Amino acid sequence: MRQPLSREISNLLERGRDRQLRLAVTGLSQAGKTAFLTSLVNQLRHAGVEAQLDLLPAARDGRLLGAQRLNQPDLGVPRFPYDPGMAALRDTPPRWPEPTKGISELRLQLRYRPAQSGWFAPDIAHLTLDLFDYPGEWLLDLPLLQHDFYSWCQAQLLLEGEQRRALFSEWLDAVASLDPASEADEAQLAQLAEMYAQGLRRAKQAGFSDLQPGRFLLPGELSGAPVLQFFPLPHLVAPKEMLDALPDSSLYATLAARFRYYQQQVVRPFYRDHFRRFDRQIVLVDVLGALNAGPERFEDLSRALRQLMQSFDYGKRSLLSRLFAPKIDRLAIAATKADHVTPDQHGQVVQLLEALLAEPLKDLRFANVPVKALSLAAIRATEAREVLHNGKRSPALRGTTLEGEDVLVYPGDVPSRLPNAGFWQHQGFDFPSFRPMLPSSEALSHIRMDAAIDWLIGDKLA
């Protein structure tokens, strides 16, 4: 939805004065995006009082006075549900905030004292921070813009691991005998598309990440529309030129037309209206969850991230390009749930994350885009302990499972490089899902949220 002209002019002036920042919080499913945004708002609102933000100089020096929520900048986009999220965390027993189901945003005004004083420096300055949140399921549609229908079908063949094939077995059996040249049957297409969507939902539940099209998982207003009634054709043997020459009424041509429509009318506007407006970005990755799930899902996450990182528009910007052709000029990549391993392994988590994204990170650094990898826990769920185990003192974690059981766990060792076959055969890495810890104050307990905040906005608070 277009903003009123007066608001667009106001935003333009703020950006010209470098007093407005648009931060995208992105991540694949299960990465903890809603928890991160809830904690981010909470930390900034309590920065001058109770929040522990020692790694953010403006807060450590007492210059960051706090943050206040402002009215929605875009009345057509839902507000991020911060208050329901905090209510869930303070419930008895505490619950994780409900994941958001669509796009949402929140505008904050941060007030701070500039580090340097002078004739023209104000005593109090402010920064308008626009936070953007959107479903992780839609995120993986961006790589579709690099494909036509034929190449997308070919790409889906690469995903056929044993566990994934089992989740799509019903659909695979149903499409095995399809003839691309046959006449398209609308009822059959709708039925097969729904079977494919069911496979995607099962794969998501099983911990897979590389799931396209994303709208099949969260269709929203498109539920039941023909634009969501397509699927890849496995094992195409005819040349692309021959398939492209088939009549418009053929199965192949019908699926290809719907794929193109999905690209042009669903994916491209989403990219144009949202992603291209971002100034900075944090990508959240559940590395530990994938490690916990096994080799096929770990490789699936790696492939999804490689595709995803190619879809964003990174680059340094002048003032004019900032105003009229914004690009992301600072990036954080964060491994979430750092509290699921003992503190001595946090460095290994970061090394594993960097190994997972080695090629995209090289490209970003070659383009001179500032990028930082870190591990964090937006909202703590465990406490670190040192206990006597097998005759020696060992680090451990104490927490409460989702079922309400208080446990002491030794999650195992996190590899500092990409796991080889030997790791998967003998690995002992395992952790349960924990409840969030009940907040002991207004500010949520966290691990390295202050480091993430400093990297993303700290230079604007100098």
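Residues numbered from 1 in each chain as written. Predicted model: local features only at pLDDT ≥ 70, side-chain atom pairs only at ≥ 80, totals over all residues. Heavy atoms only, no water.

The name given to the chain in an unreviewed UniProt entry is YcjX family protein, and the organism recorded there is Vreelandella nanhaiensis.

Structural notes on the packing of aromatic side chains
The geometry of an aromatic ring pair comes down to the distance between the two centres and the angle between the two planes. For clarity, the cut-off: Centres within 6.5 Å are what make two rings of Phe, Tyr or Trp a pair, Trp counting through its six-membered ring; a difference in plane orientation under 30 degrees is then read as stacked, over 60 as edge-to-face, and the rest as tilted. Per the convention used, a helix needs a DSSP run of H or I reaching at least four residues, while a strand needs a run of E reaching at least two, with both numbered from the N terminus. Summary of the burial criterion: residues with accessible area below 20% of their type's maximum are buried, those above 50% are exposed, and those between are partly exposed, where the area comes from a 1.4 Å probe applied to protein chains only. In this analysis the charged atom, NZ for Lys or CZ for Arg, is taken to sit over a ring once it is within 6 Å of the ring centre and within 35 degrees of the ring normal.
In this structure the tally under the stated criterion is 18 aromatic pairs. Centre to centre, the rings of F168 and Y196 are 5.6 Å apart; their planes meet at 45°, and the pair counts as tilted. Placement of the pair is F168 in the loop between α7 (162-167) and α8 (169-175) and Y196 in helix α9 (residues 186-205), with a sequence separation of 28 residues. In this structure F168 comes out as buried when scored by relative accessible area, which is 6%. Accessibility expressed as a relative area gives 3% for Y196, which makes it buried. Ring pairing ties together the aromatic residues F149, W152, F168, W171, Y196, F216, F230, F231, Y252, F259 and Y262, which thus form one cluster. Taking NZ or CZ as reference, R330 lies 4.5 Å from the ring centre of W455, over its face.

Regarding the sheet that holds strand β7 (residues 371-375)
Put simply, the rule reads: Two strands pair under a simple rule: DSSP has to find at least two bridges between them. Each axis is a line fitted through C-alpha atoms, taken for helices only over the stretch in contact, and angles between the N-to-C directions span 0 to 180 degrees.
Taken together, the 7 strands give an open sheet; going across it, the order is β2-β3-β4-β1-β5-β6-β7, and neighbouring strands pair in mixed fashion. Two strands close off the open sheet at either side, each with one partner strand: β2 (64-69) and β7. Taken over all neighbouring pairs, the strand axes of this sheet differ in orientation by 20° on average, direction set aside. In terms of strand pairing, strand β1 (residues 20-27) meets strand β4 (residues 125-133) through 6 bridges, oriented parallel.

Focus on the environment of Q72
To be explicit about the condition: Contacts described as polar in this section are N or O atom pairs within 3.5 Å, which, within protein, must combine one atom able to donate a hydrogen with one able to accept it, while residues neighboring in sequence count only if both atoms come from side chains.
By secondary structure assignment, the location of Q72 is in the loop between β2 and α4 (82-89). Assessed through its relative accessible area of 12%, Q72 is described here as buried. In terms of polar contacts, Q72 uses its side chain to reach the backbone carbonyl oxygen of V77, at 3.3 Å.

A look at the pattern of salt bridges
Test applied: When a carboxyl oxygen of Asp or Glu lies within 4 Å of a side-chain nitrogen of Lys or Arg, that pair is called a salt bridge.
As enumerated under the stated definition, the model contains 21 salt bridges in all. Two residues, D133 and K33, come together in a salt bridge whose shortest N-O distance is 2.7 Å. In this pair, D133 is assigned in strand β4 and K33 in helix α2 (residues 33-45), connecting sequence segments 100 residues apart. What makes D133 buried here is its relative accessible area of 1%. Two residues, E383 and R385, come together in a salt bridge whose shortest N-O distance is 2.9 Å. For R385, a relative accessible area of 34% gives the class partly exposed. Each of R164, D210, D300 and R303 takes part in a single network of salt bridges with overlapping partners.

Considerations on the nonpolar core
What counts here: What is meant by a nonpolar core is a set of buried Ala, Val, Leu, Ile, Met, Phe, Trp, Tyr and Cys residues, joined one to another through side-chain atoms within 4.5 Å. Contacts between residues were defined by any pair of non-hydrogen atoms, one from each residue, lying within 4.5 Å.
Residues F36, L44, L64, L110, L129, I282 and I457 are the most contacted members of the largest nonpolar core, which totals 48 residues. In this structure, I282 is in contact with L23, A24, V25, T26, F36, A332, A334, A452 and L456, ignoring residues within four places of it in sequence.

Some points on helix α6 (residues 149-157)
Counted only if it meets this: To be clear, the arc concerns the directions from the helix axis to the C-beta atoms.
Taken residue by residue, α6 has F149, Y150, W152, C153 and Q156 as its buried positions. Buried residues along α6 cover an arc of 165° about the axis, so they all sit on one side. Here the buried face of α6 lies against α9, α10 (240-244) and α11 (251-273). Put simply, D148 is the residue that caps the front of α6, since its side-chain oxygen is 3.3 Å from the backbone nitrogen of Y150.

Describing the domain arrangement of the chain
Here is the rule we go by: Domain start and end points were adopted from an automatic or database domain assignment. Once two parts are brought into contact, the accessible area they lose, counted with a 1.4 Å probe and summed over both, makes up the buried area.
Partitioning the chain into structural domains gives domain 1 (21-136 + 278-379 + 437-460), domain 2 (142-271) and domain 3 (382-426). Here domain 1 and domain 2 have C-alpha centroids that lie 33 Å from each other. On the domain 2 side, the residues contacting the 19 residues of domain 1 number 19 residues. Here domain 1 packs against domain 2, burying approximately 1600 Å² in sum over the two surfaces, 51% of which is carbon and sulfur. The interface formed by domain 1 and domain 2 holds 2 salt bridges in total.

Section: the side chain of R215
With respect to the secondary-structure elements, R215 resides in the loop between α9 and α10. Residue classification places R215 among the buried residues on the basis of a relative accessible area of 8%. Apart from residues lying up to four places away in sequence, R215 is in contact with W138, D141, E221, L222, L228, Y262 and V266.

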